[in-house]
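Coordinates in review
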Amino acid sequence: CSAMATKPVVLHLQSLPLEPRAAEDLHSKFENLFIWEQADPAAFLAEKGASIRGVVTGVRPWVNQELLDKLPNVEIVSSNTVGLDKVDVSLCKERGVSVTNTPDVLTDCTADTALALLLACMRQIPAAHQYVCDGRWPKEGDYPVTNKLKPLVLVTAEIMHLCQGLADLSSCLYGHSICAMLAVVSGKRVGVVGLGRIGAAIGKRLEGFGCPISYYSRSKKPQYPEYNYYNSVVELARNSDILVVACALEKATTKIINREVLDALGPTGFVVNIARGPVIDEAELVKALVEKRVAGAGLDVFVNEPEVPKELLNMANVVVQPHVGSATYETRNAMANLVVENLVAHFSGKPLLTPV
Ligand code: DGY
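The structure reproduced in this document is the subject of the present report.

Calculation notes
Residues numbered from 1 in each chain as written. Predicted model: local features only at pLDDT ≥ 70, side-chain atom pairs only at ≥ 80, totals over all residues. Helix = DSSP H or I, 4+ residues; strand = E, 2+ residues; numbered from the N terminus. Buried ≥ 20, exposed ≤ 12 C-beta atoms within 10 Å, placed from the backbone. Contact = placed C-beta atoms within 7 Å. Near = placed C-beta within 6 Å. Nonpolar A, V, L, I, M, F, W, Y, C, P; charged D, E, K, R; others polar. Pairing = 2+ DSSP bridges. Axes fitted to C-alpha atoms, helices over the stretch in contact; angles between N-to-C directions. Core = buried A, V, L, I, M, F, W, Y, C linked by C-beta atoms within 7 Å. Right-handed = clockwise from strand over helix to strand, strands pointing away. Left-handed = near helix turned anticlockwise from the far one by under 90°. Parallel < 35°, antiparallel > 145°, perpendicular 65-115°, else oblique.

A few words on the overall build of the chain. Each helix and strand in the chain was counted, giving 15 helices and 12 strands. Burial analysis of the chain (356 residues in total) assigns 42% to the buried set. The long-range share in the chain, meaning contacts at least 24 apart out of those at least 6 apart in sequence, stands at 64%.

Put into structure tokens, the structure is as follows:
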């Protein structure tokens, strides 16, 4: 019993998918409190707040002044994310609270997600999948006369836009007209917004598709001499066919993809976002898609998750996901392990593995 009493108390704001070893560590070394088990979280924090020394958090809960004020003895916030937009890191620092995150272990997984979204929206894979699931298949003679007379040469921006975003896909999804809706990825000019670890991993993958890579980055300018650097996102967009957003969400990057950027990308351009919703002016993106001022989008993240603008839900050229960029078994386990290892290191007086 006395051993139990000395275990540091850890408040969990988000659950962790733990492998047995990490679960054993967590349960044997800490007293764990789970916010989602509390009927009245405010009363619970008022009662237990002073005993809490560690916090486990994730992509949705806020670790802000309101919470920190209720945890006067907290020493460490261990976030199960690489992005720290939901943690007030400077306030933590001010109060002497350590912060850790989960870099590196999710880089490949998230870069894979960007590629998947890119291919999915440019080739309209979900719509094609649904078409086959509906028992359909393109038939000879089905395609419109205009396409018969002028075959693939006609796969131009003009034709693409004729077909894109039609509510009734059945009129388009057959014969050559299916081609008219789709865009080749290989060789397209890619602009990466934010060339950190994940942005660079996306660039590497797209090099394999023969895509010339350009980028905008506030901090990484000198590191990638093989890529074109633009010091404005508008210029980057103007010189790209595909804009992939991979920057951290900060004050300076909020709505960095705005109407001007979308118009610079233009009606044949695609947007992929695996970063955070608020880096894009979401209302402007929706408008641009509805008005066909951009060609399509692959989106893993949204401004008010779990809300997704309803206009995006019935467009064949828009693919949406529920913020699952890092959601593979291996990656989520590796992230959760880091979360626990950081707590263990902190409370045994060892250096943190991934301090912020
Ligand atoms: C991160 O780590 O920031 C991801 O978005 C969460 O999976």
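What follows is about the site of the ligand. All residues adjacent to the ligand are V59, T81, V82, G83, T102, L106, G325 and S326. Along the lines of polarity and charge, the residues of the shell around the ligand split into three nonpolar, five polar and no charged.

Taken in spatial order, the five strands line up as β2-β1-β3-β4-β5 in an open sheet, and their pairing is parallel. With partners counted over all chains shown, the strands left at the sheet margins are β2 (31-34) and β5 (98-100), one partner each. In this sheet, neighbouring strand axes are inclined to one another by 20° on average, regardless of whether the strands run parallel or antiparallel. One ladder, built from four bridges, connects strand β1 (residues 9-12) with β2; its direction is parallel. Bridged to H12 within β2 is F34. Sitting on the sheet, helix α15 (residues 329-347) touches β1, β3 (52-57), β4 (76-79) and β5, and the angle it makes with β4 is about 160°.

Grouped together as the largest cluster of nonpolar side chains are 62 residues, with contacts concentrated most on A114, V193, V244, V245, A246 and V272. In terms of residue count, the dominant contributor to this core is helix α6 (residues 107-122) (eight residues). Setting aside anything within four residues of it in sequence, one finds V244 in contact with A114, V190, V192, V193, I202 and V272. In this structure, L13, V56, L68 and L343 belong to the second largest nonpolar core, which totals 31 residues.

This paragraph deals with the sheet that holds strand β9 (residues 242-245). Here we have seven strands laid out as an open sheet, ordered β8-β7-β6-β9-β10-β11-β12, and parallel in their pairing. Where the open sheet ends on each side, the last strands, each with one partner, are β8 (228-229) and β12 (318-320). Where strand β6 (residues 190-193) meets β9, four bridges bridge the pair, whose relative direction is parallel. Across the sheet, the residue bridging to V190 is I242, located in β9. Lying over the sheet, α6 contacts β9, β10 (270-273), β11 (296-299) and β12, oriented at roughly 150° with respect to β11.

Residues G296 and G298 of β11 are buried on one face, and the alternating residues A297 and L299, pointing to the opposite face, are buried as well. Bridge count for β10 against β11 is four bridges, and the pairing is parallel. Within β11, the position partnered with N273 by the bridge is L299. Read as a crossover between parallel neighbours, the route from β10 over helix α14 (residues 282-290) to β11 is right-handed. Pairing of β11 with β12 involves three bridges; the strand directions are parallel.

Most peptide bonds take the trans form, and the phi angle of most residues other than glycine is negative. A cis amide bond links E305 to the next residue, P306, at an omega of 10°. In this structure, P306 sits in the loop between β11 and β12.

This paragraph deals with the packing of helix α2 (residues 20-29) against α15. Interhelical geometry of α2 versus α15 gives an angle of 35° and a closest axis separation of 9 Å. For the element pair α2 and α15, the recorded crossing hand is left-handed. In contact with A22, D25, L26 and K29 of α2, α15 contributes A336, N337, V340 and V344. Residue classes in the contact of α2 with α15 are distributed as five nonpolar, one polar and two charged.

Take the packing of α6 against helix α11 (residues 197-207) next. It is the contact of α6 with α11, at a shortest axis distance of 8 Å, that shows an interaxial angle of 55°. With respect to α11, the axis of α6 lies oblique. Note on packing geometry: the crossing formed by α6 with α11 is right-handed. The segment α6 lies against α11, with T107, D108, T110, A111, A114 and L115 engaging R197, I198, A201, I202 and R205.

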